[in-house]
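The lines below spell out each chain.
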Amino acid sequence: PPVPQVIRRTDKGDYVEEFLTFQTTPDLRVPAFVLVPKKAQLPAPGVVVLHSHDGIYLWGKEKVVEDEREHPYLTAFKQRSYGSKSIASELARQGYVVMAIDMFYWGERRMVLDDDPPVYRERPLSMTEQDIRAFNQRASQDESLVARSLFTAGITWPGVMLWDDIRTLDYLAARPDVDRNRLGCVGLSVGGYRSFLLAALDERIKAAVDVGWMTSFGSQIKDHVVNTMGLSFHINGLYRYVDLPDIAGLIAPRAVLVINGSQDRLFALDG
């Protein structure tokens, strides 16, 4: 199992929030929140919550976990996009042990350059909206650069993020307060992509929820392919053998719920 290093524990009323790092490889530690409900009978079912893309790179796991000290920009984003809900915190209140990490290139794993201004490195509450937008714009433009670097190293972006997600499940399943026979995952946007792929790749997931990310290659190639089949999603040669719904089919007979928005302009309804 991955070796954790707990940095702090915080009483959040209905649950205890652990901020920790754990190993995904021998030389790499990933930051994570683990939320443990106070009133649940332990060991409780565990859920991996996978954050969204949103074009907002400064924060990752913070998008799904409540924090009274969060940046006003992030608070406004949650109000506008998610009805002020933080799904990991909501699930913890319902009795699940919940774990959320920063996906590679997001949050504490964002790309910070040596000559960047201090606000890019420290993310202070005083960081201006102009600075936030400038950082997110640069991060968006540099996704292709990072993907090309990964390809050059002989790996893929989905390979990195799905390995991290499997290792997240390794850690969650090894915790004594988690029932390893009742594990699930849920995600929105790129988190939805990660959710159904994690369930397809790892039979320990008994139920998966994928919100806002499902299509077939054929219909998607006609439109919106740049924003939905970008290099952070691209698995070379996949379509030669299977389509994305075929991968979701690997989850059977375990449960998967796919939710697509009827007004979602990124994914063609016929896909």
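In what follows, the structure referred to is the one given above.
Basis of the calculations
- Residues numbered from 1 in each chain as written.
- Predicted model: local features only at pLDDT ≥ 70, side-chain atom pairs only at ≥ 80, totals over all residues.
- Heavy atoms only, no water.
- Helix = DSSP H or I, 4+ residues; strand = E, 2+ residues; numbered from the N terminus.
- Contact = heavy atoms within 4.5 Å.
- Phe/Tyr/Trp six-rings, centres within 6.5 Å; stacked < 30°, edge-to-face > 60°.
- Buried < 20%, exposed > 50% of the residue type's maximum accessible area, 1.4 Å probe, protein only.
- Pairing = 2+ DSSP bridges.
- Right-handed = clockwise from strand over helix to strand, strands pointing away.
- Axes fitted to C-alpha atoms, helices over the stretch in contact; angles between N-to-C directions.
- Parallel < 35°, antiparallel > 145°, perpendicular 65-115°, else oblique.
- Left-handed = near helix turned anticlockwise from the far one by under 90°.
- Nonpolar A, V, L, I, M, F, W, Y, C, P; charged D, E, K, R; others polar.
- Arc of directions from axis to C-beta.

(A) Up close: the side chain of threonine 21. Relative to the helices and strands, threonine 21 resides in strand β2 (residues 15-25). Threonine 21 has contacts with Val3, Pro4, Gln5, Ile7, Arg29, Val30 and Pro31, leaving out every residue within four places of it along the chain.

(B) Inspection of the packing of aromatic side chains at higher detail. Counted according to the given criterion, the structure contains 18 aromatic pairs. Here tyrosine 193 and phenylalanine 233 contribute two aromatic rings whose centre-to-centre distance is 4.9 Å and whose plane-to-plane angle is 90 degrees, an arrangement assigned as edge-to-face. Residue tyrosine 193 is located in helix α7 (residues 190-201), and its partner phenylalanine 233 is located in the loop between α9 (225-228) and α10 (244-249); the two are separated by 40 residues in the primary sequence. Comparing tyrosine 193 with phenylalanine 233 shows no difference in burial state: the two are buried.

(C) Quick peek at the environment of valine 178. Relative to the helices and strands, valine 178 is located in strand β6 (residues 178-188). A sequence separation of 136 residues divides valine 178 from leucine 42, and the C-alpha atoms of the two residues are 6.9 Å apart.

(D) Looking closely at unusual backbone geometry. Proline 43 follows leucine 42 through a cis peptide bond whose omega is 0 degrees. Tracing the sequence through the fold places proline 43 in the loop between β3 (28-37) and β4 (44-50). The amide bond that connects alanine 252 to the next residue, proline 253, takes the cis arrangement and shows omega of 5 degrees. Among the structural elements, proline 253 can be located in the loop between α10 and β8 (255-259). Even without glycine at this site, tyrosine 105 takes up a positive phi of about 90 degrees. With respect to the secondary-structure elements, tyrosine 105 resides in the loop between β5 (97-101) and α3 (118-122). Classification of tyrosine 105 by relative accessible area gives buried; the value is 3%. Backbone geometry places arginine 123, a non-glycine residue, at a positive phi of 50 degrees. Along the polypeptide, arginine 123 turns up in the loop between α3 and α4 (129-141).

(E) Just the pairing of strand β7 (residues 205-211), in detail. As paired strands, β6 and β7 are joined by six bridges and run parallel to one another. By the bridge assignment for β7, leucine 183 is matched with isoleucine 205. As for the winding sense of the linkage, the β-α-β connection from β6 through α7 to β7 is right-handed.

(F) Focus on the packing of helix α6 (residues 157-174) against α7. Relative orientation of the contacting elements α6 and α7 amounts to 65 degrees, with a least axis distance of 10 Å. It follows that α6 is roughly perpendicular to α7 by the angle criterion. Seen from above, α6 lies across α7 with right-handed handedness. Across the interface between the two elements, Pro158, Met161, Leu162, Asp165 and Ile166 of α6 pack against Val190, Tyr193, Arg194, Leu197, Leu198 and Leu201 of α7. A per-class count over the contact of α6 with α7 returns nine nonpolar, no polar and two charged.

(G) Inspection of helix α5 (residues 143-152) at higher detail. For α5, the complete set of buried residues consists of Glu143, Val146, Ala147 and Leu150. All buried residues of α5 project into a common sector of 100 degrees when viewed along the axis, lining one side. Against the buried residues of α5 lie α4 and α6. Looking one or two residues past α5, glycine 154 carries a phi angle of roughly 85 degrees, positive in sign.

(H) Molecular detail of the sheet that holds β6. Within the open sheet, the eight strands sit side by side as β1-β2-β3-β5-β4-β6-β7-β8. Their pairing is mixed. Either end of the sheet is taken by a strand with one partner, and the two such strands are β1 (4-11) and β8. Between one strand and the next, the sheet's axes are offset by a mean angle of 20 degrees, whatever the strand orientation. Inspection of the sheet shows β7 paired to β8 by five bridges, in the parallel sense. Following the sheet pairing, alanine 208 is matched in β8 by valine 256. α6 contacts β1, β2, β3, β4, β5, β6 and β7 of the sheet and is inclined by roughly 125 degrees relative to β2. Contacts between α7 and the sheet are confined to β4, β5, β6 and β7, with β7 contributing the most and set at about 155 degrees to the helix.

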